[in-house]
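Listed below are the residues making up each chain.
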Amino acid sequence: MIFNYKYFLTTIFLFLAEVSIATVFKDIVWLRAYFGDVLVVILIYTFILTFLEIKNKTLLNIGVFLFACVIEFAQYFHFAEWLGLKDNKIAMIVLGNSFSWIDILCYAMGSFCIFTFHKILK
């Protein structure tokens, strides 16, 4: 385990952006519905790299994308409700409550942004 302060600061920034999208800018539909989903993949990616030194960033990127897809497909089966979390607002926000193919496309866009960022750095 490590602590990478650059990824930590990026994670904090992205988290604050996500909170702002969910609260302050909640009435801007495209921002909340689409851009937030693009950012969440990047947020998870940077969070993992804050604490783990992973050499194969492409594999991590794919893993984060697949994780997001699993959560999205779990929404199709109302997984949060099965866990008895229907009345827990925070759990419903984190796990979501409705499946959307567009969300998966947004996760793919977030993964593409990560891939592009690493290609530019090289």
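Keep in mind it's a predicted model, so treat the numbers as computed, not measured.

Caption draft 1: Up close: a nonpolar patch on the surface. Side chains of Phe3, Tyr5, Phe8, Leu9, Ile12, Phe15, Leu16 and Val19 sit close together on the surface and give an oily, nonpolar patch of about 780 Å² of accessible area. You can see Leu9 is positioned in helix H1 (residues 5-22). In this structure Leu9 comes out as exposed when scored by relative accessible area, which is 52%.

Caption draft 2: Structural detail: the packing of helix H2 (residues 29-51) against helix H6 (residues 101-121). The interhelical angle for the contact between H2 and H6, taken along N-to-C directions, is 50°, at an axis separation of 8 Å. With respect to H6, the element H2 is oriented oblique. Crossing handedness for the pair H2 and H6: right-handed. Here H2 contributes Ala33, Tyr34, Asp37, Val38, Val40, Val41, Ile42 and Tyr45 to the contact with H6, which in turn contributes Ile102, Asp103, Cys106, Tyr107, Met109, Gly110, Ser111, Cys113, Ile114 and His118.

Scoring rules and cut-offs
- Residues numbered from 1 in each chain as written.
- Predicted model: local features only at pLDDT ≥ 70, side-chain atom pairs only at ≥ 80, totals over all residues.
- Heavy atoms only, no water.
- Patch = residues over 30% accessible without salt bridge, like charges linked within 9 Å, V, L, I, M, F, W, Y side chains within 5 Å.
- Areas by Shrake-Rupley, 256 points an atom, 1.4 Å probe, with all protein chains shown as cover.
- Salt bridge = Lys/Arg side-chain N within 4 Å of Asp/Glu carboxyl O.
- Helix = DSSP H or I, 4+ residues; strand = E, 2+ residues; numbered from the N terminus.
- Buried < 20%, exposed > 50% of the residue type's maximum accessible area, 1.4 Å probe, protein only.
- Axes fitted to C-alpha atoms, helices over the stretch in contact; angles between N-to-C directions.
- Parallel < 35°, antiparallel > 145°, perpendicular 65-115°, else oblique.
- Left-handed = near helix turned anticlockwise from the far one by under 90°.
- Contact = heavy atoms within 4.5 Å.

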